[in-house]
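Notes for the structure review
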Amino acid sequence: MADTALVLGGGGLTAYAWQAGLLAGLAEAGVDLSGAHLLAGTSAGSLLAVELAAGAAPADLYAEQISQERTILEPAVTFAMTVKYLWAALGSRDPGTVLKRLSRLALAVRDVPESELLDAIGRQLPGRAWPERPLRLFAVDALTGATAGFSAGSGVDLLRATAASCALPPLFPPVTIGEGRWVDGGVRSTTNADLVHDCSRAVVLAPVPKAPGAAPGAAGQVASLAAHGVRTALVVPDREARRAFGRNAMDPSRVPGAARSGRRQAAAHAERIRAVWHG
C-alpha cells in the first residue's frame, strides 16, 4: 500500500501548465509533492507524472512552461472535433452509455495513424524505460470499457501506456495494446482519482474538475477515497485560473498564463495540503 499519492488530471496544454505551476508554488512553500510514493496521471497528467517520476523538478517544469521552451503537444483541434465529442458526451445521462459512445467515437478515427500519436508522445518522454518510481497511467479499452492504470508491472512499454492515456477522441486514434484498443482515461474521468484508494494520503489536482455530461467529477471521486479512509486534498482552478485557460485547452499561447495561475494558487492551498501530506 502506497503512503502518499499525487493524482494529476487531464485537460490539455493548459492543464499540464497549471499543474506544473501549482507544484512549483507548493514546493516553494515547503510542500514538495513530487516525492509522492505513487504518481498517477490521466491524459496530460500522465505526461507530467512521467516527468516527475524521471526526476524532473517542479521548478524546472514550471520554467519550461513560462518560457514555452517545450510545448508538450500542438494538436489541431477543429470545431467539428469539439462538436463530435460533445455529442457523444452529452448524449446520455448514464456514465456507462457515455463511455460506450466516446469509445465508438475513438474507434471511428481513421484519418490519423496510430504511429503519428506514438511519434508525438515519444518526443515528449524523458526516456523509453519505466522510471523506478511507481507510476499509474490511466486509459480505457474502447473495445470492452475496462479501465487500466498501466504501470511498470503491466507488461506494457512506457510509450504505448502514455500514448494510450493521451489518446483523446476524436483527436487521436486508440492505441493498440495486446488485444485492446486503448484511449484517453479522461473518457471515464478527468482524474480517475477513485482508483488510488490503495494509498493512505492523496492530493488530487483537477484542472478540469468534471468532464461534460454524465462522467463522474473529481469531488465525488475524492469523497470516495475519503470513504475508504484515505486522507485527501483536492485542488481545482479558481476563477482567475479559468480565465487564464481560455476556451481552448490546446492553445499554446495560453500556457504561460495557466502556469502562472497555478503557481499563484499554491499559496492559498499550501497549509491544507501540508496537513494531509505530512499529517
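This text follows the structure it describes.
It should be emphasised that the depicted structure is a prediction, and the values quoted were computed from it without experimental measurement.

On to the overall build of the protein chain. Secondary structure summary: the protein chain contains 10 helices and eight strands in total. At 17 Å, the protein chain has a C-alpha radius of gyration in line with the 19 Å of a compact globule built from 279 residues. The C-alpha extent of the protein chain, read off along each of the three principal axes, is 45 × 40 × 40 Å. In the protein chain, buried positions account for 56% of the 279 residues. At a minimum sequence separation of 6, the contacts of the protein chain that also span at least 24 residues come to 78%. Just so you have it, the protein chain exposes about 11500 Å², and 54% of that area is on carbon and sulfur atoms. Distance from the positive charge centre (27 side chains) to the negative charge centre (24 side chains) of the protein chain: 8 Å.

Along the chain, H278 falls in helix α10 (residues 255-278). Linking H278 and P126, residues 152 residues apart in sequence, is a C-alpha distance of 29 Å. Among all residues touching H278, those that are not within four sequence positions of it are G30 and R201.

Moving on, we get to the pattern of salt bridges. Applying the stated criterion across every chain, the model contains nine salt bridges. R263 is the partner of E28 in a salt bridge, and the nearest nitrogen-oxygen pair spans 3.0 Å. Remark: R263 occurs in helix α10 and E28 occurs in helix α1 (residues 13-28); sequence separation between them is 235 residues. Put simply, D198 and R136 hold a salt bridge, and the shortest N to O gap is 3.1 Å. Placement of the pair is D198 in the loop between β6 (180-184) and β7 (199-205) and R136 in strand β3 (residues 135-141), with a sequence separation of 62 residues. A relative accessible area of 29% means that D198 is categorised as partly exposed. One salt-bridge network, in which partners are shared between bridges, spans E114, R160 and R181.

With that out of the way, let us pick up the nonpolar core. Counting 64 residues, the largest nonpolar core has L6, L33, F150 and L205 as the members making the most contacts within it. Each residue touching L205, except ones within four places of it in the same chain, is listed here: L6, V7, L8, G9, W18, Q19, L22, L23, T191 and V235.

Calculation notes
Residues numbered from 1 in each chain as written. Predicted model: local features only at pLDDT ≥ 70, side-chain atom pairs only at ≥ 80, totals over all residues. Heavy atoms only, no water. Helix = DSSP H or I, 4+ residues; strand = E, 2+ residues; numbered from the N terminus. Rg over C-alpha atoms; globule rule 2.2 N^0.38 Å. Buried < 20%, exposed > 50% of the residue type's maximum accessible area, 1.4 Å probe, protein only. Contact = heavy atoms within 4.5 Å. Areas by Shrake-Rupley, 256 points an atom, 1.4 Å probe, with all protein chains shown as cover. Lys, Arg positive; Asp, Glu negative; His and termini not counted. Charge placed at Lys NZ, Arg CZ, Asp CG, Glu CD. Salt bridge = Lys/Arg side-chain N within 4 Å of Asp/Glu carboxyl O. Core = buried A, V, L, I, M, F, W, Y, C linked by side-chain atoms within 4.5 Å.

By themselves, these are just geometric observations and shouldn't be taken as functional.
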